[in-house]
Amino acid sequence: MNMKYETDRLVLKILPDTAAEQVLQFYLDNREVFEQYETDRSQNFYTYEHHKTMLHCEYNFAVKQSAVRFWVYEKTNPQRIIGTVSLQDIRRGCYQSCGLGYKFDQRIWRRGYAKESITKCIYIAFVEMKLHRMEAYTLPDNIASRSLLEKLGFAWEGTKRQSVKLHGTWRDHEMYALLAEEAKLLLGWF
């Protein structure tokens, strides 16, 4: 696995802790939207120090291939983060699986960037890392995320009842999964 990948329009990179200011700006720019779908933040989340520490940890996880977060940039604007795609909870042995996470700057929605960057991560997971299964979870009312997963070939597998506490309320999540063989056929990788 590499630390940097490119698609037609995008650059996906694992960032060093020196990029903390860019990451912080990404979260500040999208705070209102992201906080609707994510657990409550710690008091220091929106600080440079927090993101510097997180990037340092993420880099170490990527080296060990226990979790990998790619930060997404447009090739035409390599200084501004527009999204992130992550392979979480990478499990080896008899599982060979991971979870998929993603979020994108609201200013670039509906341009196909999420699909383009996730497709690259699917390739990395199944072809380069030789994983077998990828899972993704979304809130039932997040129609855009559910639609994106279905366009990428993920199959709905059920509802995880009251699986995450968001803003004081236990919420269900819809579970989707994609298998390596399905992705290879769907995306033309033989």
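Residues numbered from 1 in each chain as written. Predicted model: local features only at pLDDT ≥ 70, side-chain atom pairs only at ≥ 80, totals over all residues. Heavy atoms only, no water.

### Here's the deal with the overall build of the protein
Point 1. When helices and strands are counted, the protein shows 6 helices and 8 strands.
Point 2. By residue count, 43% of the 190 residues in the protein fall in the buried class.
Point 3. Looking at the protein alone, contacts between residues at least 24 apart form 62% of all its contacts between residues at least 6 apart.
Point 4. Per element, the accessible surface of the protein, about 10300 Å² overall, is 50% carbon and sulfur.
Point 5. Computed over 27 positive and 24 negative side-chain charges, the separation of the two mean positions in the protein equals 2 Å. (Helix = DSSP H or I, 4+ residues; strand = E, 2+ residues; numbered from the N terminus. Buried < 20%, exposed > 50% of the residue type's maximum accessible area, 1.4 Å probe, protein only. Contact = heavy atoms within 4.5 Å. Areas by Shrake-Rupley, 256 points an atom, 1.4 Å probe, with all protein chains shown as cover. Lys, Arg positive; Asp, Glu negative; His and termini not counted. Charge placed at Lys NZ, Arg CZ, Asp CG, Glu CD.)

### Some words on the confidence of the model for the protein
The predicted coordinates should not be examined in detail at positions where pLDDT is low.
Point 1. The predicted model of the protein has a mean per-residue pLDDT of 94, with 99% of residues at 70 or higher.
Point 2. The least confident element of the protein is helix H2 (residues 31-37), whose mean pLDDT is 88; the most confident is strand E2 (residues 10-13), at 98. (pLDDT = per-residue confidence, 0-100.)

### Description of the side chain of Asp105
Point 1. Position of Asp105 relative to the elements: it lies in the loop between strand E5 (97-104) and helix H4 (113-128).
Point 2. Once you skip the residues sitting within four places of it in the chain, Asp105 turns out to touch Phe26, Asp29, Asn30, Arg80, Ile81 and Ile82.

### Focus: unusual backbone geometry
Point 1. If you check the backbone angles, Asp89 has positive phi at about 45° while not being a glycine.
Point 2. In this model, Gln96 sits at a positive phi of 45°, which is unusual for a non-glycine residue.

### Points about the nonpolar core
Point 1. By size, the foremost hydrophobic cluster in this structure holds 36 residues, and its most contacted members are Phe70, Leu87, Leu100, Ile122, Phe126, Met134 and Phe154.
Point 2. A per-element tally of this core places H4 first, with 8 residues.
Point 3. In this structure, Val11, Leu15, Val23 and Leu24 belong to the second largest nonpolar core, which totals 16 residues. (Core = buried A, V, L, I, M, F, W, Y, C linked by side-chain atoms within 4.5 Å.)

### Here we look at the packing of aromatic side chains
Point 1. Tallying each qualifying case throughout the model produces 8 aromatic pairs.
Point 2. Aromatic ring contacts, followed pair by pair, group Phe26, Tyr27, Phe34, Phe45, Tyr46 and Trp71 into a single cluster.
Point 3. Here the basic side chain of Lys13 rests over the ring of Tyr73, its NZ or CZ set 4.5 Å away from the ring centre. (Phe/Tyr/Trp six-rings, centres within 6.5 Å; stacked < 30°, edge-to-face > 60°. Lys NZ or Arg CZ within 6 Å of the ring centre and 35° of its normal.)

### Structural notes on H4
Point 1. Between its first and last C-alpha, H4 extends 21 Å over 16 residues, near the 22 Å set by a 1.5 Å rise per residue.
Point 2. Looking at the residues trailing H4, positive phi occurs at Lys130, about 60°. (Expected span 1.5 Å × (residues − 1).)

### Notes on the sheet that holds strand E8 (residues 169-179)
Across a sheet, strands are paired by hydrogen bonds formed along the backbone, either parallel or antiparallel in direction.
Point 1. Ordered by their spatial adjacency, 8 strands build an open sheet running E1-E2-E3-E4-E5-E6-E8-E7, and the pairing between neighbours is mixed. The outermost strands of the open sheet, each flanked by one partner alone, are strand E1 (4-6) and strand E7 (155-166). The sheet shows a mean angle of 30° between the axes of neighbouring strands, direction not considered. (Pairing = 2+ DSSP bridges. Axes fitted to C-alpha atoms, helices over the stretch in contact; angles between N-to-C directions.)

### What about the packing of helix H1 (residues 20-29) against helix H3 (residues 48-64)?
Point 1. Packing of H1 against H3 leaves a shortest axis separation of 8 Å and a crossing angle of 115°. Relative to H3, the element H1 is oriented roughly perpendicular. The two elements H1 and H3 meet at a crossing, and its hand is right-handed. Contacts between H1 and H3 involve Ala20, Glu21, Val23, Leu24 and Tyr27 from the former and Tyr48, His51, Lys52 and Leu55 from the latter.
Point 2. Class assignment of the residues belonging to the contact of H1 with H3 gives a composition of 6 nonpolar, 1 polar and 2 charged. (Parallel < 35°, antiparallel > 145°, perpendicular 65-115°, else oblique. Left-handed = near helix turned anticlockwise from the far one by under 90°. Nonpolar A, V, L, I, M, F, W, Y, C, P; charged D, E, K, R; others polar.)

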